[in-house]
Amino acid sequence: MDFLQLLNLNDQDEQSLQIRKAFAPYTPLLDVTGNEILALVVLLNLTLKRDTVKYLLDEKLAKATLKNQKHLDTCVSEVRWLHSHNLKYPDTRVSGQRLIVEAQPMTEGVISSSLFPLMLGWSHNASAVNKAKLFGSSFLWKQRVCNLANLLVEKELEWQKAFQALGMTKRQVYELREQVLQAINENQIPSEVSDFSPQLRFPYEGDYISITPVVSHAVQASLQQHRSQHVGHFADVSHAHPASVGDLSSSLGGHISVLNYPPPVWPSNTSNLHHSRLARVLAGKEVFEIGAIRNKAFLQALDALASSNRQQTRQLRKKSRVVSLRFIRKKLAEWIAPLIEWREVCLENAYSIDDCGIGVLERQLLEVDYDQYPTLISLLNQRLHQQLQRGNTTSKYAYHPQLLTPLKSQLLWLLRSFGKVATPPEVPSSSSQYLYLQGSRVFDANSLANPYLTGVPSLTALWGFAHNFQRRMNKLMSRNLRVKGVGWFIRGYSAKPTSKLPEFSVLKRDDQSIKRPGVITSRYCDLVMDVVLELERNDEEVLLTSADVQFLQAALPSAFAGGCLQPPSLYESKDWCKVYSDRQLLFSTLVRLPRNGCWVCPSKTKLKGFDDIFESCSRDSFEKPAMVGYALLEEPGERYGSIEQPHAFAEPLIGMVNCKSAIEVRLKGEKAFFNDSFWNIYTEKRCILIKKA
């Protein structure tokens, strides 16, 4: 809805409500080109309390407001608290600081403020939130994002005339411009770090740097606008005193929307997996994962494969067919995965399959050697079409003439692939050493990876854990080892939407007792995870051996992503820390991980905006947005209160990760896993990025 449509509304109450929403930062920007006087009337009336304004287009009220010099001076004084990045989010105890920086160089493939036009927000005293709207509200004018403060500073003639039309003289407009110019240029970058601002320490150019993460107003406002359009998956983060946080929070009543994309992990009692599978068989239920072949995306891939001949060109037909076959193969692997997982458990624990009514195909998949798997293709293909035939939405694909050959060929490829990866290692294939940390539990980890996103914990937290482990390990063992890459498998994930109650730490005014500070809302999760560290050593360093395991266990950090990290209890596992010098041996262990978990791997998806996230996640449910690093907003330099010199303010970066199931990693093989599943830290173009190692 544009400004002219708003002006044509007949109901004054509805018109005022819609105009108020249109100038709020959580809605798409309103184009006011050609309606400068009316826009100024609205902005002036927005500075008053809502119950005193019956009609936002009341020009008489706007003129009286403009003549109120005390009120106007207060509005001008709030210009010095406009910001591009909000230092008071989420901790409102930060005071006396604001940050305005120009657009930074674009970082390819990730979302940052460089992808959005510069847009200023406001945060200061909660009582002045309305008065800040005169010069701080953003809108479109001549196809660019503006606010009244910028337009006055730029001496735009149309807006000078608008002020004059409401009763100001040229001299008064000039004096107002000078006041606004002085206020907007004052202390744009803080000279010190507030005690309440978080700081993070990172390796940077051969030393360490301290950064203070800050949230971009433009990115956060764009996210709220997408939420209002009902696209994507979101969660709310609530703030008890929204006006103290800023104008965006105030306009939403403190309910800030964040992307909500948790990892595709579901609960599973792996300790009783054999018995649970037997129970399904006794109950007459299928052991195959029926949901994989009734998945909406799987059916769309079948549709695309069956109709690929309708594409106009040969190249389009080939591309459509290849994409569909790859996705179908992935889903068919998920369909067979429960039996492969059951087979591994039976082999590992020497379980025998009694006569419990299990089908012929299932028994053969559990008992025959992997190299005999291709002989089961006819039975498996028949079972697939039988299960397709039983579903209301899938029956039309059963024995479809266009799908018979492709589905059978993909099943045959899978059966052959299981035999390839099951070959036991004979000769060590790599000189690299790997440290496998199994089954670590993390309580109250921060799932709110940054102010835009909740779900997968931050990849910077993963690398911070690995770097901390490296420092502790080298100190305990007097070694000089370096973590070259880190792989991450999430076994269990449980979201906890509640906030933490802070400890008593604030002295009351009577100086006789202490109280809790205000609750800072966040989102947390509990994790069970495996971590694989690739270790690099100097030529003179000796290899790690099993005798070093006790020191490596002692070096395990006690924190991860702000949560408490603990190794597995003794009744769960004693050998949770292992050293591998052979890639094949390590991989043969990793392929047996439970199918309910996922490997968090680098993705090839490049982002140019939030729409790319929504499209990628709807196309592939295993693609998830994640926090991948920081972009420095300034050249690092000395700053009072910093834990390291140099220091810089930085904004979080959003990228994509590919959550691969254990069965998918198994089928792609050892080489693909070690090439495509590890993370490393890189510093480039004033960015700290966690990328593919």
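In this text the structure is predicted, and so the values were computed from the model without any measurement.

Caption draft 1: The overall build of the protein chain, seen in detail. A tally of helices and strands in the protein chain yields 24 helices and 24 strands. Projected onto its principal axes, the C-alpha positions of the protein chain cover 95 × 65 × 50 Å. Within the span of the protein chain, comprising 693 residues, buried residues form 53% of the whole. The long-range share in the protein chain, meaning contacts at least 24 apart out of those at least 6 apart in sequence, stands at 73%. Total accessible area on the protein chain is roughly 32600 Å²; 48% of this is exposed by carbon and sulfur atoms. Separation of charge centres in the protein chain, based on 82 positive and 69 negative side chains, amounts to 5 Å.

Caption draft 2: Up close: the packing of helix 16 (residues 314-349) against helix 24 (residues 662-676). Contact pair helix 16 / helix 24: the axes reach a minimum separation of 9 Å and the direction vectors enclose 95 degrees. As far as their axial angle goes, helix 24 and helix 16 are roughly perpendicular. Residues Lys-330, Ala-333, Ala-337, Ile-340 and Glu-344 of helix 16 form the contact with helix 24, whose participating residues are Ile-663, Glu-664, Arg-666 and Leu-667. A breakdown of the residues in the contact of helix 16 with helix 24 according to their chemical character gives 5 nonpolar, no polar and 4 charged.

Caption draft 3: Fine view of the packing of helix 17 (residues 360-367) against helix 18 (residues 377-390). Viewed as axis vectors pointing N to C, helix 17 and helix 18 meet at an angle of 130 degrees, and their least axial separation amounts to 10 Å. Looking at the two axes, helix 17 sits oblique to helix 18. In the crossing of helix 17 with helix 18, the sense of the turn from one axis to the other is left-handed. Contact residues: helix 17 offers Leu-361, Glu-362, Gln-364 and Leu-365, while helix 18 offers Leu-379, Leu-380 and Arg-383. Partitioning the contact of helix 17 with helix 18 into residue classes produces 4 nonpolar, 1 polar and 2 charged.

Caption draft 4: Expanded view of the environment of Glu-651. In this fold, Glu-651 is placed in strand 22 (residues 647-660). According to the relative accessible area criterion, Glu-651 is buried, its value standing at 1%. For the pair Glu-651 and Ser-216, spaced 435 residues apart in sequence, the C-alpha separation works out to 6.9 Å. When sequence neighbours within four positions are dropped, the list of residues in contact with Glu-651 reads His-85, Ser-112, Ser-113, Ser-114, Val-214, Ser-216, Gly-629, Tyr-630, Ala-631 and Leu-633. Of note is the side chain of Glu-651, whose polar atom sits 3.1 Å from the side chain of His-85. Here Ser-113 takes part through its side chain, which lies 2.8 Å from a polar atom of the side chain of Glu-651.

Caption draft 5: Structural detail: the side chain of Ser-417. Mapping Ser-417 onto the fold places it in helix 19 (residues 404-421). Side-chain polar atoms of Ser-417 contact the backbone oxygen of Trp-413, separated by 2.7 Å.

The rules behind the values
- Per chain, residue numbering runs from 1 following the sequence as it is written.
- Totals for whole chains, interfaces and linings use all residues, but because this is a predicted model, local features are given only for residues with pLDDT of at least 70 and pairs of side-chain atoms are given and counted only at 80 or more.
- Calculated side-chain values reflect all of the structure's heavy atoms, with hydrogen atoms and water omitted.
- Helix and strand assignments come from DSSP, with helices taken as H or I runs of at least 4 residues and strands as E runs of at least 2, each series counted from the N terminus.
- Each residue is placed in one exposure class: buried if its accessible area under a 1.4 Å probe, protein chains only, is under 20% of its type's maximum, exposed if it is over 50%, and partly exposed if it falls in between.
- Residue contacts are defined here by distance: any two heavy atoms, one from each residue, within 4.5 Å place the two residues in contact.
- Areas reported here follow the Shrake-Rupley algorithm with a probe of radius 1.4 Å; residue values treat only the protein chains shown as occluding.
- Under the counting rule used here, the positive set is Lys and Arg, the negative set is Asp and Glu, and His together with the chain ends is not counted.
- To locate a charge, take NZ of a lysine, CZ of an arginine, CG of an aspartate or CD of a glutamate.
- Every axis in this analysis is a line fitted to C-alpha atoms, fitted for helices over the stretch in contact. Angles between the N-to-C directions lie between 0 and 180 degrees.
- Angle categories: roughly parallel below 35 degrees, roughly antiparallel above 145, roughly perpendicular from 65 to 115, and oblique for all the rest.
- Residues are grouped as follows: Ala, Val, Leu, Ile, Met, Phe, Trp, Tyr, Cys and Pro are nonpolar; Asp, Glu, Lys and Arg are charged; all remaining types, including Gly, are polar.
- Note on convention: the crossing is left-handed when the near helix lies turned anticlockwise from the far helix by less than a right angle, right-handed when the turn is clockwise.
- A 3.5 Å cut-off defines polar contacts: any pair of N or O atoms within that distance qualifies, except that in protein one atom must be a possible hydrogen donor and the other a possible acceptor, and neighbouring residues in sequence count only when both atoms are side-chain atoms.

The values reported here are purely geometric and, on their own, carry no functional implication.
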